[in-house]
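# Examination of the molecular architecture
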Amino acid sequence: MGVLSIRLGVAGVILGLSATSALAVDGPKVSWNLSVWGPPRAFTAGIETLANYVSKETDGKFTIKIHYGDSLSKASDNLDNIKLGAFEMAQICTGYHPGKHPGINALDLPGLPLADPEVHAMVHDVFYKNPYIVNEFKRWNAMVLMSVLQPQSEFMGTGDAPTKMADFKGMRVRALGGTGAAMKNLGAVPTSVPAPEVYTSMERGVFRAAAFPYTYAFASYKIPEIAKWYTTNLSPGANNCPTIVALDAFGKLPPQYKELFDKARPLAYQALIKAHSETDKKNLADWEKKGLKGIVYSPEELKIFQEVGAAPVWKAWVTENAAKGVPAQELLDLILNEAQKAKAKLKKS
């Protein structure tokens with residue numbers, strides 16, 4: 001992965017606080033609630049780090065209680081409940097309610113150059129600060145704090161391994177959203193099946209392959225038990241899942257508490273990257289023992305996916321959303337340009 005700017009940011013934070021870390025940030029007692037679905041896992045490593053950080057730095061005066069398992073709200077309702085003031089923070093996936101914020105759904109497009117988590121973090125942070133995106137979320141009493149760095153999806157399946165894009169033609173695959181649209185352009189037959197039903201459906205031959213965030217989701221749903229192969233570098237798409245904060249609650253915080261979020265962000269990103277890296281290492285070792293074949297696509301094959309699969313989806317998204325008044329091409333260009341800048345920056349470090 002190389003030396004990443006996030007790690008440099010973490011080092012800077014640690015050095016900057018070394019002289020005063022023994023002194024708590026003074027301020028009033030504040031207690032926030034954060035809504036998220038599912039149990040503690042790699043996905044939640046960032047918010048857990050952030051919550052621990054603000055509590056420690058304020059000597060317990062500013063606390064963020066994480067409510068797991070939809071206990072405060074259904075995942076699809078978190079944005080609405082932030083607007084209603086039901087709680088102060090939440091994690092959302094923008095694919096759950098695309099009509100409510102069409103601009104930010106540019107990050108849900110397939111084939112974006114965000115497979116590297118360091119690039120992913122840097123691009124998302126710039127994108128979230130775009131004036132259009134900021135105003136888009138103001139309508140929901142929300143500000144986007146940071147990404148959860150949802151890993152890119154890959155495919156895992158049965159039967160003969162698709163070593164070329166042409167091998168997907170006619171293949172029934174479980175692929176949602178932009179990923180499904182891109183695969184359809186390649187001649188595959190995408191289907192939407194809830195994650196808990198993927199194992200049984202694949203076992204029964206309803207479809208041959210499924211796309212999931214790599215690698216943790218495959219392991220979570222036990223797909224390696226019936227699969228024969230998996231892709232490693234297709235990166236057909238990823239859900240954009242940010243952590244959001246209620247604007248009215250943030251506005252009431254004293255300045256010294258607001259500053260803690262900026263200081264905690266690089267630490268939270270580092271925790272996310274570490275958690276996913278450790279999960280990947282464990283899962284890949286397990287898959288090797290099971291004899292699963294890892295497919296590595298050539299640059300030529302990846303170019304076919306980009307030009308035949310992803311590019312038409314991008315074009316359609318831009319056309320559709322520009323007609324609604326969204327600066328769609330500008331937002332897509334922002335992602336692509338910032339990804340190039342991030343890669344160049346990391347290469348120099």
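See the structure shown above.
Fair warning: this is a prediction, and the values are worked out from it, not measured in the lab.

## A few points about unusual backbone geometry
- Following Tyr214, the chain continues to Thr215 via a peptide bond in cis, the omega torsion being 0°.
- Mapped onto the fold, Thr215 is located in the loop between strand E8 (209-213) and helix H8 (216-220).
- The backbone phi angle of Asp59 is positive, close to 55°, even though this residue is not glycine.
- The residue Asp59 is located in the loop between helix H2 (45-57) and strand E2 (62-67) in this model.
- The class of Asp59 is exposed, set by a relative accessible area of 61%.

## What to know about the environment of Val296
- One can find Val296 in the loop between strand E11 (293-295) and helix H11 (299-322).
- Of the residues examined, Val296 reaches a relative accessible area of 63% and is grouped as exposed.
- Sequence-wise, Val296 and Thr231 are 65 residues apart; in three dimensions their C-alpha atoms are separated by 6.5 Å.
- When residues no more than four places from it in sequence are discounted, the contact partners of Val296 are Thr232 and Asn233.

## Concerning the sheet that holds strand E4 (residues 142-147)
- Spatially, 5 strands are ordered E2-E1-E3-E10-E4 in an open sheet, and the strand pairing comes out mixed. Because the sheet does not close on itself, it has two edges, and the strands there are E2 and E4. Neighbour-to-neighbour, the strand axes of this sheet turn through a mean angle of 25°, independent of strand direction.
- In this sheet, strand E3 (residues 89-91) lies alongside strand E1 (residues 30-35) in parallel orientation, the contact comprising 2 bridges. Bridge pairing in E3 places Leu34 opposite Met89.

## Structural notes on H2
- In this model, H2 (13 residues) spans 18 Å end to end at C-alpha, consistent with the 18 Å of a helix rising 1.5 Å per residue.
- Taken residue by residue, H2 has Ala45, Gly46, Ile47, Leu50, Ala51, Tyr53, Val54 and Glu57 as its buried positions.
- Residue Asp59 follows H2 closely and has a positive phi angle near 55°.

## Digging into the packing of aromatic side chains
- Overall, the coordinates contain 14 aromatic pairs when judged by the stated rule.
- With centroids separated by 6.1 Å and ring planes inclined at 80°, the aromatic side chains of Phe218 and Trp287 adopt a geometry described as edge-to-face. In this pair, Phe218 is assigned in helix H8 and Trp287 in helix H10 (residues 255-290), connecting sequence segments 69 residues apart.
- On the basis of relative accessible area, Trp287 is assigned to the buried category, the value being 1%.
- Between Lys83 and the ring centre of Trp140, over which it is positioned, the NZ or CZ distance is 4.8 Å.

## Observations concerning the side chain of Arg174
- Summarising the element assignment, Arg174 is placed in strand E6 (residues 172-174).
- For Arg174, which is buried and forms no salt bridge, the nearest opposite charge comes from Glu197, at a distance of 9.0 Å.
- Within the local environment of Arg174, its side chain forms a polar contact with the backbone oxygen of Val193, the two atoms lying 2.9 Å apart.
- Apart from residues lying up to four places away in sequence, Arg174 is in contact with Phe155, Thr191, Val193, Pro194, Ala195, Val198, Phe207, Ala209, Ala210, Ala211 and Phe212.

Calculation rules
Residues numbered from 1 in each chain as written. Predicted model: local features only at pLDDT ≥ 70, side-chain atom pairs only at ≥ 80, totals over all residues. Heavy atoms only, no water. Helix = DSSP H or I, 4+ residues; strand = E, 2+ residues; numbered from the N terminus. Buried < 20%, exposed > 50% of the residue type's maximum accessible area, 1.4 Å probe, protein only. Contact = heavy atoms within 4.5 Å. Pairing = 2+ DSSP bridges. Axes fitted to C-alpha atoms, helices over the stretch in contact; angles between N-to-C directions. Expected span 1.5 Å × (residues − 1). Phe/Tyr/Trp six-rings, centres within 6.5 Å; stacked < 30°, edge-to-face > 60°. Lys NZ or Arg CZ within 6 Å of the ring centre and 35° of its normal. Lys, Arg positive; Asp, Glu negative; His and termini not counted. Salt bridge = Lys/Arg side-chain N within 4 Å of Asp/Glu carboxyl O. Polar contact = N/O pair within 3.5 Å; in protein donor to acceptor, adjacent residues only side chain to side chain.

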